[in-house]
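What follows is the residue order along each chain.
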Amino acid sequence: MTRTLPVINIKAQSSHHALFLMLVAVIIAFSTLVFSQGYCRQFQLVFTFIYLCSLVTFITGLAKYLEPKYSLCLNPKSIKYQHRYGHWKIDWQQIQRISLINETSGLTKIQLPYIGIRLKDVSTLADKISPRLANRLIHEQKPLVAFAMSQDLLPLGQSLLNFEPFILPSGETLTGPLAAFLHHCTLLNQALGYHLFLPETAIDRDLNEFYTLLMQCMRSSTEYN
């Protein structure tokens, strides 16, 4: 009989208050429409500004609403990161290290708003991530590249996107977004020590608390295997 694995679902902070923002935008727009009936000419610019603000608020709420219900799904076998543009899924046994990201600048200790994941072999990502998400993450992680450059962890010439084919250990050659993303992961690992990065906005609790949870899940995975 197959045993059902327990799952821990994590909701992203960025998806909070979606319906509230959409409702507020509709109420403000409707109230402005009613009020403007008798003052259309005198306050036309003001009303236009309010309508634009309502539209921006509604679009922000809609974007939050369209995010996946859960940003992370943890079970004893794997960790799955879900994004509007796709997902990646990694088995715990393919992970070498998980850690908070702390760097030192002079006498100042800097904790980046990410949790880093170092893989045993970056090529395992080849069939674990959707091409659309791979392309998106390259752009979302530009702040990490900029930080590495500011700390002299990454030469300027290496910070540019690498569109060269990526050759897997099997001899297979990858091109396109997947190849660019694997080069990107390799670059960040050289600079910061990790291939994958979970942003603070994707979790529902303090970074340190979530790091502890990940470590517990990783240790517990051996009991199921």
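The preceding data block contains the structure.
Procedures and definitions
- Residues numbered from 1 in each chain as written.
- Predicted model: local features only at pLDDT ≥ 70, side-chain atom pairs only at ≥ 80, totals over all residues.
- Heavy atoms only, no water.
- Pairing = 2+ DSSP bridges.
- Helix = DSSP H or I, 4+ residues; strand = E, 2+ residues; numbered from the N terminus.
- Axes fitted to C-alpha atoms, helices over the stretch in contact; angles between N-to-C directions.
- Parallel < 35°, antiparallel > 145°, perpendicular 65-115°, else oblique.
- Left-handed = near helix turned anticlockwise from the far one by under 90°.
- Contact = heavy atoms within 4.5 Å.
- Nonpolar A, V, L, I, M, F, W, Y, C, P; charged D, E, K, R; others polar.
- Expected span 1.5 Å × (residues − 1).
- Polar contact = N/O pair within 3.5 Å; in protein donor to acceptor, adjacent residues only side chain to side chain.
- Buried < 20%, exposed > 50% of the residue type's maximum accessible area, 1.4 Å probe, protein only.

What should I look at first to understand the pairing of strand β4 (residues 86-91) in this one?
Looking along a regular strand, one sees the side chains alternate between the two faces of the sheet. Relative to β4, strand β3 (residues 78-83) is paired through six bridges, and the arrangement is antiparallel. Residue pairing for β4: Tyr 81 is matched across the bridge by Trp 88.

Where do I start with the packing of helix α4 (residues 142-150) against helix α5 (residues 176-192) in this structure?
How two helices sit against one another is set out by the angle between their axes and by the gap between those axes. Running from amino to carboxyl end, α4 crosses α5 at an angle of 40 degrees, the nearest separation of the two axes being 10 Å. Comparing their axes, α5 and α4 come out oblique. Considering only the axes of α4 and α5, their crossing is left-handed. Residues Leu 144, Val 145, Phe 147 and Ala 148 of α4 form the contact with α5, whose own contacting residues are His 184, Leu 188, Ala 191 and Leu 192. Along the lines of polarity and charge, the residues of the contact of α4 with α5 split into seven nonpolar, one polar and no charged.

In this structure, what is going on with helix α6 (residues 207-224)? I would like to understand it.
Its 18 residues give α6 an end-to-end C-alpha distance of 26 Å, which sits within 8% of 26 Å, the value for a rise of 1.5 Å per residue. Taken together, the buried residues of α6 touch β1 (8-10), β2 (72-74), β3, β5 (95-105), β6 (108-119) and β9 (196-199). Where α6 begins, one side-chain oxygen reaches toward the backbone nitrogen of Asn 208, 2.9 Å away; that side chain belongs to Asp 206.

Honestly, unusual backbone geometry in this entry has me stumped. Any pointers?
We note that Asp 152 has phi near 60 degrees; this positive angle belongs to a residue other than glycine. Within the fold, Asp 152 resides in the loop between α4 and β7 (166-167).

Help me out: how do you make sense of the environment of Val 7 in this one?
Mapping Val 7 onto the fold places it in the segment before β1. We classify Val 7 as partly exposed; its relative accessible area is 48%. Along the primary structure Val 7 and Lys 77 are separated by 70 residues, whereas in three dimensions their C-alpha atoms are 9.8 Å apart. Among residues more than four places away in sequence, those in contact with Val 7 are Cys 73, Leu 74 and Asn 75.

What is the right way to look at the sheet that holds β4 in this model?
Hydrogen bonds along the backbone pair up the strands of a sheet, which may run parallel or antiparallel. The four strands are arranged β1-β2-β3-β4 in an open sheet whose pairing can be described as antiparallel. Of all strands in the sheet, those bounded by a partner on one side alone are β1 and β4. Between one strand and the next, the sheet's axes are offset by a mean angle of 15 degrees, whatever the strand orientation. Docked against the sheet, helix α3 (residues 131-140) engages β3 and β4, running at close to 80 degrees with respect to β3. Across the face of the sheet, α6 comes into contact with β1, β2 and β3 while running at roughly 35 degrees to β2.

Could you clarify how one ought to interpret the environment of Pro 131 in this entry?
Inspection of the secondary structure puts Pro 131 in helix α3. For Pro 131, a relative accessible area of 43% corresponds to the partly exposed category. The spacing of Pro 131 and Trp 88 is 43 residues in sequence and 9.9 Å in space, taken between C-alpha atoms.

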